[in-house]
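Close look at the chain arrangement
For reference, the chains in residue letters:
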Amino acid sequence: MKTYRARLRTMWLVILVCQLGLILRTEAQIPGQCITSDTNRAPENSDITVVCGTEFMDLNILLCPMYHARYNESLMFLNNQNQEGCLGTADWGVTPPVLRFRFPINESAMESCSNSFKIINEVGSGEFSDFSNVQYVNISGAVTSLDPTIGMITYKPQVLYKFSCLYPMQYILNNSQLGVSGVNLVINDNNGSFISTLSMHLYQDESYEDILFIPQTGLKLKTKIYVAVKATNLTERFNVLLDRCFATTSPYPTINNDQAYDLFVGCVRDPQTKVDINGESQVARFSFEAFRFVEHKNQTISTFYLHCTTRLCEVSSCSSLMPDCNSNPGQRRRREVQEVSGNATVSSPAIFVGKQSAGVTSESNYSSPVVAVIVCIVVLAILLVAMAVYFALHIRRKKPIVQ
């Protein structure tokens, strides 16, 4: 009997030791930085910080709540994709410690870890605040925990952190390069405004092959200028759409109506402007005739710059984003000129225009009054010579013949 009781006490002692070991083992799994941290608590929605950058999306998630829920950085994946490229990197060098995820903003990177890449239509805002439709790209997903429990049931909670960023669909590329107006601008909210990869070229022929050469003496008035705005490195899903093209005497875009001359805004066009392609491919083309700004009337050369407000449209829906020319064009034009800023424009180099018309082949060295005086003197001289000849012949005929 005593032997049985001794064995029973020994068994209970072994069980207690095992339970104590399990408890100690569980406590040992929590890193020292988390034991005394205020973030050593259950996970909350506020644990994640999302930075919608110009080239990358960055996620920073507090690590200690994950350990509190009996997970660690090796068990947290993007969209439950159990692969190395969808894991984050633990940063124990900051307080509090965080798990970092970073991925480039392009469609191929989105698809690798099953992030959602959706195109949505919204009423324009910001630089497109008065356009009826502007397309955006919503990039979203979730960081989820992977429960390693083997069996039918588990007592571990599911940890889920959702994130999303909304970008205007100006320049979503198929590589890892995106830029913004200002180049070094950092965006810390859920919006981006992009301008890189756009280029504007001026041509001298309607086939858009020969680059336009602008002499320092300036182009002749009414010279045809062919303009192409092109976006490079785009996926085949998108086309280029020009909302407004205008000229200013400043190299910087302006919305001041007194300083900007519109070549076209939606359906409203300058009489000499012709739009060849817009919203139909990854290049937009139009032409206009060289002109001078009135403020340069006392200058030999009139210098101005061309600017185009540009966006992308999905191929299948470009037609629906084109301006409605059945509405009041004057009202639409006034709204857009006042509210469309220059942050999403692409600009041309300086365009010089001289005083000479394209129909004149040479320039006289005399002013118009001088030329008129010279013409009058020539005519008068001719008349005097004719009269002298006439009188000489008349006198000769009347002179008697001596025999």
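Before reading on, note that the structure itself is shown above.
This one's a predicted model, so the numbers in the text were calculated from it and none came from an experiment. (Residues numbered from 1 in each chain as written. Predicted model: local features only at pLDDT ≥ 70, side-chain atom pairs only at ≥ 80, totals over all residues. Heavy atoms only, no water.)

**Looking at the nonpolar core**
Of all hydrophobic cores here, the largest spans 33 residues; its most connected members are Ile225, Leu242, Phe286, Phe288 and Ile351. Listing elements by their share of this core, those giving two or more residues are strand 9 (198–203), strand 11 (224–231), strand 12 (238–248), strand 13 (260–265), strand 16 (283–289), strand 17 (302–314) and strand 19 (351–357). For this core, the leading source of residues is strand 12, giving 5 residues. Setting aside chain neighbours within four positions, we find Leu242 in contact with Val229, Phe264, Asn278, Ala284, Phe286, Cys308, Thr309 and Thr310. (Core = buried A, V, L, I, M, F, W, Y, C linked by side-chain atoms within 4.5 Å. Buried < 20%, exposed > 50% of the residue type's maximum accessible area, 1.4 Å probe, protein only. Helix = DSSP H or I, 4+ residues; strand = E, 2+ residues; numbered from the N terminus. Contact = heavy atoms within 4.5 Å.)

**Section: the sheet that holds strand 1 (residues 48–52)**
Strands sit in the order 1-2-5-4 across an open sheet of 4 strands; the sheet is antiparallel. At either margin of the open sheet sits one strand with a lone partner, and together these are strand 1 and strand 4 (89–91). Across the sheet, the mean angle separating the axes of adjacent strands is 25° when strand polarity is ignored. In terms of strand pairing, strand 2 (residues 56–62) meets strand 5 (residues 98–104) through 7 bridges, oriented antiparallel. Bridge pairing links Asp58 to Arg102 in strand 5. (Pairing = 2+ DSSP bridges. Axes fitted to C-alpha atoms, helices over the stretch in contact; angles between N-to-C directions.)

**Thoughts on the sheet that holds strand 15 (residues 274–277)**
Read across the sheet, 4 strands follow the order 9-11-16-15 without closing on themselves; strand pairing throughout is antiparallel. Two strands bound the open sheet, and with one partner strand each, they are strand 9 and strand 15. Each neighbouring strand pair of the sheet contributes to a mean axis angle of 20°, computed without reference to strand direction.

**Structural notes on the pattern of salt bridges**
Pairing is possible between side chains that carry opposite charge, provided their charged atoms lie close to one another. Within the structure shown, the criterion is met by 7 salt bridges. The closest approach of N and O atoms between Arg41 and Asp47, which form a salt bridge, is 2.8 Å. Taking relative accessible area as the criterion, Arg41 reaches 22% and is therefore assigned partly exposed. Assessed through its relative accessible area of 2%, Asp47 is described here as buried. Among the salt bridges present, the one from Arg100 reaches Asp91, with a minimum N-O distance of 2.9 Å. Here the residues in one salt-bridge network are Arg41, Glu44 and Asp47, joined through shared partners. (Salt bridge = Lys/Arg side-chain N within 4 Å of Asp/Glu carboxyl O.)

**Notes on the packing of aromatic side chains**
Throughout the structure, instances matching the rule amount to 11 aromatic pairs. Between the aromatic rings of Phe286 and Phe288, the centroid separation amounts to 6.5 Å while the plane-to-plane angle is 25°, which identifies the pairing as stacked. For the pair Phe286 and Phe288, one class covers both residues: buried. Judged by its relative accessible area of 0%, Phe288 is buried. Over the ring of Phe56 we find Arg102; its NZ or CZ atom is 4.5 Å from the centre of that ring. (Phe/Tyr/Trp six-rings, centres within 6.5 Å; stacked < 30°, edge-to-face > 60°. Lys NZ or Arg CZ within 6 Å of the ring centre and 35° of its normal.)

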